[in-house]
Structures are given as structure tokens and as C-alpha cells.
Amino acid sequence: MIDKSLPHGSVIMVKRNMDTYPRYAIPEGFVIRSYREGDETEWADIAKEQFLLESDEAAMSLFHTVFDEHPEWMNCCLFAVEEKTGKIAAMLSLWEGGIFDAPYKKIHWVATREEFRGRGIISAMITYALDLYHELGARDYCLLQTGTWNWQAIRIYKKFGFEAWLGEDPKPDFYFDPELEHRNWKIIDDKIAEFEKSRKK
């Protein structure tokens, strides 16, 4: 869930070793599948809840902004579905990065319905996405673009070997402010440390 108590700031994460990552199975009673016609309604509904969008219309507009220009990305738009009800519990996309000047794969639009959180669904979906990365014949790096408000998700990403990108390779095709990036990572790392300390009490 987004944590708006923190100052907002974007960060980039990169996974350089694509051959090693933990393996999490999808919980019993759920399956992972790619996009099917009609899924856009639930995609928008989950996006509205996860990203705190103001209306159903804004969420649907976001879907079309994301996918209309690149319908081929639909094949890598993944959903975790509850088998008993057919309800989509979570979503995740694997697409071209759009951050650097090379077409690295990027994990994006990661979200879970509140009622399904805490069951390990996203960990299973990341495992599935990284397997798909190899099936697609991708090479080099996998990227994530996230932010300070998503520090809880960043805890999961780090378990898979995603690290803070702080200006090293791969090189960006945009202006990079190292001071701002370090500031944002300090906010995230401090919040995660605070959370881990509270769990040990």
C-alpha cells in the first residue's frame, strides 16, 4: 500500500544478475495468467485502489495511456486470479524499460487488492515475471521504477536482488540528480530499518 506519510520521491532499481533469484510459488487457490479481453476493468479498479486515483474514469484513462500505444505489451501484463471466484487479486507488467537508452525489460504497475495482501502473491508474480524474462530471450538487466511511498514493496524487490540505481551502469538518457536520488534512498532505507526494528520488539 502507498504510504503518503513520507516525502514523495522517485527512485530506480536495477537487477544485474538475472540468473539468481528466490522462487516463490503462487499460493494455493490462485493462478497467474496474462491479459484477456475485458481485464482492463479490473486493472483500472486495482490501480484506482493501489495508486489512490480519484475516479474510475481516471483509472481507465491510465490503462489506455499505458497500453494503447503498445498493445504488444498486453502479453506481458500478468494477473493473479482467485480460482474459486475468478476475481483478479493482483497485477504486474513486464515491458520495455523506457528509462535508459537501451530496451531493458522493466517490472511495472505492481499492485494487489487490499483483501489479498500479505499472502505472498506478489512474490510469486515476480518469480513468474523473471522466469518470463528468460523465456523472452531478454538479456542484461531488469529495471524497476518506484518511489519513497512504495517502501513496503521495495522490501520485496530487494529480496529478488533489485538494488538502488545511483548513476552507475546502465547509463541514463536523462538528467540524473545524484543528491536527490541519495536523499530518496535515505528516506526509504530509514523507513525500512524502522519497520524491521519494530518487528523485532
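Below: a short report on this structure.

The rules we used
Residues numbered from 1 in each chain as written. Predicted model: local features only at pLDDT ≥ 70, side-chain atom pairs only at ≥ 80, totals over all residues. Heavy atoms only, no water. Helix = DSSP H or I, 4+ residues; strand = E, 2+ residues; numbered from the N terminus. Rg over C-alpha atoms; globule rule 2.2 N^0.38 Å. Contact = heavy atoms within 4.5 Å. Areas by Shrake-Rupley, 256 points an atom, 1.4 Å probe, with all protein chains shown as cover. Buried < 20%, exposed > 50% of the residue type's maximum accessible area, 1.4 Å probe, protein only. Salt bridge = Lys/Arg side-chain N within 4 Å of Asp/Glu carboxyl O. Core = buried A, V, L, I, M, F, W, Y, C linked by side-chain atoms within 4.5 Å.

Quick look at the overall build of the protein chain
- If you tally the helices and strands in the protein chain, you get 5 helices and 7 strands.
- Its helices and strands taken in sequence order, the protein chain reads β-β-α-α-β-β-β-α-β-α-β-α from the N to the C terminus.
- Over its C-alpha atoms the protein chain spans a radius of gyration of 17 Å, differing by no more than 12% from the 17 Å that the globule rule assigns to 201 residues.
- Its C-alpha atoms give the protein chain principal-axis dimensions of about 45 × 45 × 35 Å.
- Restricting the contact set of the protein chain to residue pairs at least 6 apart, pairs at least 24 apart contribute 74%.
- Carbon and sulfur atoms form 49% of the exposed surface of the protein chain, whose accessible area is close to 10,600 Å².

Observations regarding the environment of Ala 59
- Here Ala 59 lies in helix H2 (residues 56–67).
- A relative accessible area of 1% means that Ala 59 is categorised as buried.
- Along the chain, Ala 59 and Ile 46 lie 13 residues apart, while their C-alpha atoms are 8.6 Å from each other.
- Residues in contact with Ala 59, not counting those within four places in the same chain, are Trp 43, Ala 44, Lys 48 and Leu 53.

Some points on the pattern of salt bridges
- A complete count under the given rule lists 15 salt bridges for this structure.
- Between Asp 45 and Arg 113 there is a salt bridge, and its shortest N-O distance comes to 2.7 Å. On the criterion of sequence distance, the pair formed by Asp 45 in helix H1 (residues 39–50) and Arg 113 in the loop between strand S5 (105–112) and helix H3 (121–135) is long-range, its members being 68 residues apart.
- Owing to a relative accessible area of 35%, Asp 45 belongs among the partly exposed residues under this scheme.
- Between Arg 117 and Glu 49 there is a salt bridge, with its nearest N and O atoms 3.5 Å apart. Of the two residues, Arg 117 is situated in the loop between S5 and H3 and Glu 49 in helix H1; the sequence distance between them amounts to 68 residues.
- Each of Arg 16, Glu 163 and Glu 168 takes part in salt bridges that share partners, so that together they form one network.

Here's the deal with the nonpolar core
- In terms of nonpolar packing, the biggest core is built from 37 residues, with Ile 107, Met 125, Leu 130 and Phe 162 touching the most fellow members.
- Ranked by the residues each element gives to this core, the list is headed by H3, at 8 residues.
- Apart from residues lying up to four places away in sequence, Ile 107 is in contact with Leu 92, Ser 93, Leu 94, Ile 126, Ala 129, Leu 130, Cys 142, Leu 143, Leu 144, Gln 145 and Phe 162.
- Met 74, Cys 77, Ile 88 and Ala 111 belong to the second-largest nonpolar core, a separate cluster that totals 18 residues.

Here we look at unusual backbone geometry
- The phi dihedral of Trp 109 is positive, around 50 degrees, even though this residue is not glycine.
- When you line up the elements, Trp 109 lands in strand S5.
- In this structure Trp 109 comes out as buried when scored by relative accessible area, which is 16%.
- In this structure, Asp 140 is a non-glycine residue whose phi angle is positive, near 75 degrees.
- The topology assignment puts Asp 140 in the loop between H3 and strand S6 (142–147).

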